[in-house]
Amino acid sequence: MKIITLISGGDVGGAKTHVLSLLEGLGKTQTVRLVCFTDGPFADEARELGIDTEILSGGIRQTIRALTEEIRRDGYEIVHCHGSRANMTGAILRRKIHVPIVTTVHSDYRLDYLGRPLHRLTYGTINTVALRLFDYHIGVSDAMAQLLISRGFDPQTMFSIYNGVDFTPRVPAKTREEYCAALGLSLPENAVVYGIAARLSAVKDIGTLIRAFGKSAAAASNIRLIIAGDGEQRAELEALARDICPAGSYVFAGWESDMDSFYNALDVNTLTSLSETFPYALTEGARMHCATIASNVGGVPYLIENGVTGLLFEPRDVDALSAHITALAQNAALRRQLAESLYERASEKFSIDATIAHQIEIYETILRRARAGKQKRAGVMICGAYGKGNAGDDAILKAILRQMRAIDRDMPICVLSHDPMQTRLRYHVDSVHVFDPFAFYPRMCRTKLYINGGGSLIQDQTSTRSLQYYLASIRLAKLAGCRVLMYGCGIGPVNVPANRRAAARVMNRCVDAITLREDLSAQELQAMGVTRPKVYVTADPALLLTPGSERAVDSFLLGNGLDPAGQYALFVLRPWQGFDEKFPALVDATNYVNQKYRLTPVFFCLEPERDLPPSRRVAEALRCKNFILSTPQDEQYIIGMMQKMKLVVSMRLHTLIFASSVGTPLVALSYDPKVTGFMHYIGQKHCIDFADVTADALRAQIDAALTQREPYSVAHLHALAQENAAVARQLLEETT
């Protein structure tokens, strides 16, 4: 690969470190050239690292002409820009060359010139416009990529990368004592040293750190603060420190070139920024085994998990930051624990080698897409009950997307959603509103495969209108020339005779294939008279999802007040006809689980807006301690949490699917044949129709699930769930 990188050449801090370390690593296996628009320390350091460096310091026209000739002559395959001046150049260059151009966004471009209104008006405006003209964007951290998507950038041409650090052990040039003495900072015997390395500008909000440190230092005379960096706010911050902090407790170190000695001198690394992507300061501190306190912004939470790998506070919250400073000053064991947990995570996920490998993957993806070119019809459109806040439906979508990307990782995907922005942000796919045909029909005309599913969309139990919508969308997809697949779905119940006839007519005329999650749905299709499409009995794609890491799941439970090693029974309720009548039996059964089996009841709301009222009502009627869990966005937390439960009693099908994937004992309260069908399909007997629920009947089912437990496996269903993707692949490969 031949890559030419453009940058102004005056960059400092994280952006400089990112570009130089990346190019140094890439240069070992790829052909790279760095073009700077000004000569100076940046270019000098690049040359010292062995990076092929060129200076183009002329006017914009001369620079564009020279770059155009150079790219064509030397056969560069990718142009990679960093920073506002490079972005402006790249945006103009894009019209003159037929080479993919990508930019890395290191910070929030709206805040780059905070406190400098003239620069914001000129350079900031030019950069804002230029960013919109690029083929591809890379956000430094997932949070920056999310921010760009929220501002209308295409999620399917968006990548994320993290600042990588070399975790090879190094011996600092100076000891802690030598370094502090060189700065004129005296250390008491039990000193706890805090520090920050940052540009002294408004966006870094060093003032909050000084105020919080001063507040803590009034009660803890052993703490010290080192501020490394320089910038336009230095005089103002020095004046603030003189007013607030005890004399001799702090020092401004200025620009620091010996970062190993700086971080080696710290006990606690701090970051107080108002906006960040993924700052090097965090991984540099982690490399030197520093505990960390950071503001909860940008990509910071991807590394700092509050209470596990560090401490977080909300930006500008002086009191919260001061409380963290004081807590770590008083607890050496906590400092060590946080430091080692952070080192473990950072060295595993954010090494420079991992960053370089990921950057190469991004380049390969860009080149692969460029070579493939644009096709008249490509990709899939997915329609279902998405964007409504139902964790079960969202998990289905995630499973389908994984299977589609396994077929073709560059596949264009559009999702019809009730909340398109949330869907774009969460899944990095194109998304339009389900009720906006002027937006989705043109996309249908460019799409090869239309997927209806998963879940039970063909039913009129909840609404005839929803059935009519899904049937109409299937007809539109066929009219637009798509192949149509109903994917891993359940069928029915469809009770109204006219609805049954309409559904059968649309499926026979417009659907090419149907994959079903259980055999009762196949019987329902046959009874409705559906004969034309090929029908496959597979399994729910959500069965392919996996639990999160034990540490992440434990953090989720701890955050909700639960002991990860505790004994719990999970209850998942939903509003349904006759709930008031069954309410006493549900309360009785929940108390029974607690009294007989010593299991603490936990309520979980798969669809919070609907499920919370009945859950809260039962919880408030109990005689024992209980919990109501928040609903995480990531289904891996849900599955991991269910793995720790001793029993799951559920009215929600997807809770049963999640729990069954990890072998948790189940009791199903079936309000719908699809629930009964699933339990039968996995070989589970502990299922009772909701209409038949009584206190005695429910107790008997719980006893059977807990005392007569027969181990079961859904491994065979995993294989069947994979067949959904096989059918999709076949339809995608067929010519239309």
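These figures come from a predicted structure and were not determined experimentally. (Residues numbered from 1 in each chain as written. Predicted model: local features only at pLDDT ≥ 70, side-chain atom pairs only at ≥ 80, totals over all residues. Heavy atoms only, no water.)

Draft legend 1. Expanded view of the packing of aromatic side chains. Within the structure shown, the criterion is met by 13 aromatic pairs. Arranged with centres 6.5 Å apart and planes meeting at 70 degrees, the rings of Tyr109 and Phe153 form a pair that is edge-to-face. With Tyr109 in the loop between strand 5 (101-105) and helix 5 (117-131) and Phe153 in the loop between helix 6 (142-150) and strand 7 (158-161), this residue pair connects regions lying 44 residues apart in the sequence. A relative accessible area of 5% places Phe153 in the buried class. On the basis of an interplanar angle of 85 degrees and a centroid distance of 6.3 Å, the ring pair of Tyr592 and Tyr597 is categorised as edge-to-face. Ring pairing ties together the aromatic residues Tyr179, Phe262 and Tyr263, which thus form one cluster. (Phe/Tyr/Trp six-rings, centres within 6.5 Å; stacked < 30°, edge-to-face > 60°. Helix = DSSP H or I, 4+ residues; strand = E, 2+ residues; numbered from the N terminus. Buried < 20%, exposed > 50% of the residue type's maximum accessible area, 1.4 Å probe, protein only.)

Draft legend 2. Examining the sheet that holds strand 17 (residues 449-458) more closely. Strand order in the open sheet formed by 7 strands is 16-15-14-17-18-19-20, with parallel pairing between adjacent strands. Strand pairing shows two members of the sheet lacking a second neighbour, strand 16 (430-433) and strand 20 (534-537), which therefore form its edges. Taking each pair of neighbouring strands and ignoring which way they run, the sheet shows an average axis angle of 20 degrees. Two strands pair when backbone bridges link them, and strand 14 (residues 380-383) and strand 17 are joined in this way by 4 bridges, in the parallel orientation. Bridged to Met381 within strand 17 is Tyr450. Packing of helix 16 (residues 420-427) onto the sheet brings it into contact with strand 15 (413-417) and strand 16, and relative to strand 16 it is tilted by some 165 degrees. Its contacts with the sheet put helix 28 (residues 715-733) on strand 14, strand 17, strand 18 (483-491), strand 19 (513-516) and strand 20, and the angle it makes with strand 18 is roughly 165 degrees. (Pairing = 2+ DSSP bridges. Axes fitted to C-alpha atoms, helices over the stretch in contact; angles between N-to-C directions. Contact = heavy atoms within 4.5 Å.)

Draft legend 3. Molecular detail of the nonpolar core. With 72 residues, the main nonpolar core has Leu570, Val618, Met641, Phe658, Leu669, Leu698 and Ile702 as its most contacted residues. Considering each element in turn, this core owes the most residues, 9 residues, to helix 22 (residues 579-597). Discounting chain neighbours no more than four positions away, the residues touching Leu570 are Val602, Phe603, Phe604, Met641, Met642, Met645, Leu647, Val648, Val649 and Thr655. Core analysis: the second largest hydrophobic core is formed by 37 residues, Tyr450, Val494, Met507 and Met528 among them. (Core = buried A, V, L, I, M, F, W, Y, C linked by side-chain atoms within 4.5 Å.)

Draft legend 4. Up close: empty space enclosed by the protein. The final tally for this structure, using the stated rule, is 4 cavities of 30 Å³ or more. One number sums up the size of the largest cavity: a volume of about 50 Å³. As for the largest cavity, its lining consists of Leu111, Asp112, Leu114, Arg116, Arg199, Ser201, Ala202, Val203 and Glu232. Along the lines of polarity and charge, the residues of the lining of the largest cavity split into 4 nonpolar, 1 polar and 4 charged. (1 Å grid on protein atoms, 1.4 Å probe; cavity = no way out; pocket = protein on both sides within 12 Å on 5 of 7 lines; lining within 4 Å. Points joined across faces, edges and corners; volume = space filled by probe spheres on them. Nonpolar A, V, L, I, M, F, W, Y, C, P; charged D, E, K, R; others polar.)

Draft legend 5. Geometry of the packing of helix 4 (residues 84-93) against helix 5. Two numbers describe how helix 4 lies on helix 5: the axes approach to 9 Å, and their chain directions differ by 45 degrees. As far as their axial angle goes, helix 5 and helix 4 are oblique. Relative to helix 5, the crossing made by helix 4 is left-handed. Contacts from Ser84, Asn87, Met88 and Ala91 of helix 4 reach helix 5 at Tyr123, Ile126, Asn127, Ala130 and Leu131. Classifying every residue of the contact of helix 4 with helix 5 gives 6 nonpolar, 3 polar and no charged. (Parallel < 35°, antiparallel > 145°, perpendicular 65-115°, else oblique. Left-handed = near helix turned anticlockwise from the far one by under 90°.)

Draft legend 6. Representation of the side chain of Arg335 in the model. Among the secondary structure elements, Arg335 is positioned in helix 13 (residues 332-349). There is no salt bridge for the buried Arg335, and the closest opposite charge comes from Asp267, which lies 4.7 Å off by N-O distance. Excluding residues within four positions of it along the chain, Arg335 makes contact with Val192, Asp267, Val268, Ala291, Leu328 and Ala329. (Lys, Arg positive; Asp, Glu negative; His and termini not counted. Salt bridge = Lys/Arg side-chain N within 4 Å of Asp/Glu carboxyl O.)

Draft legend 7. Local environment of a positive patch on the surface. A grouping of Arg61, Arg65, Arg72, Arg95 and Lys96 is seen on the molecular surface, where their side chains present a positively charged patch. With respect to the helices, strands and loops of the structure, Lys96 is situated in the loop between helix 4 and strand 5. (Patch = residues over 30% accessible without salt bridge, like charges linked within 9 Å, V, L, I, M, F, W, Y side chains within 5 Å. Areas by Shrake-Rupley, 256 points an atom, 1.4 Å probe, with all protein chains shown as cover. Charge placed at Lys NZ, Arg CZ, Asp CG, Glu CD.)

Draft legend 8. A look at the environment of Ile71. Relative to the assigned elements, Ile71 resides in helix 3 (residues 60-74). Separated by 67 residues in the primary sequence, Ile71 and Ile4 place their C-alpha atoms 7.9 Å from one another.

Draft legend 9. How the structure looks around the sheet that holds strand 5. In space, the 7 strands of this open sheet follow the order 3-2-1-4-5-6-7, with parallel pairing throughout. Strand pairing shows two members of the sheet lacking a second neighbour, strand 3 (53-55) and strand 7, which therefore form its edges. Across the sheet, the mean angle from the axis of one strand to that of its neighbour is 25 degrees, orientation sign disregarded. Relative to strand 7, strand 6 (residues 136-140) runs parallel, the two being bridged by 4 bridges. Residue pairing across strands places His137 opposite Met158, the latter belonging to strand 7. The strands touched by helix 3 within the sheet are strand 1 (2-7), strand 2 (31-36), strand 3 and strand 4 (78-82), with strand 1 carrying the most contacts at an inclination of about 165 degrees.

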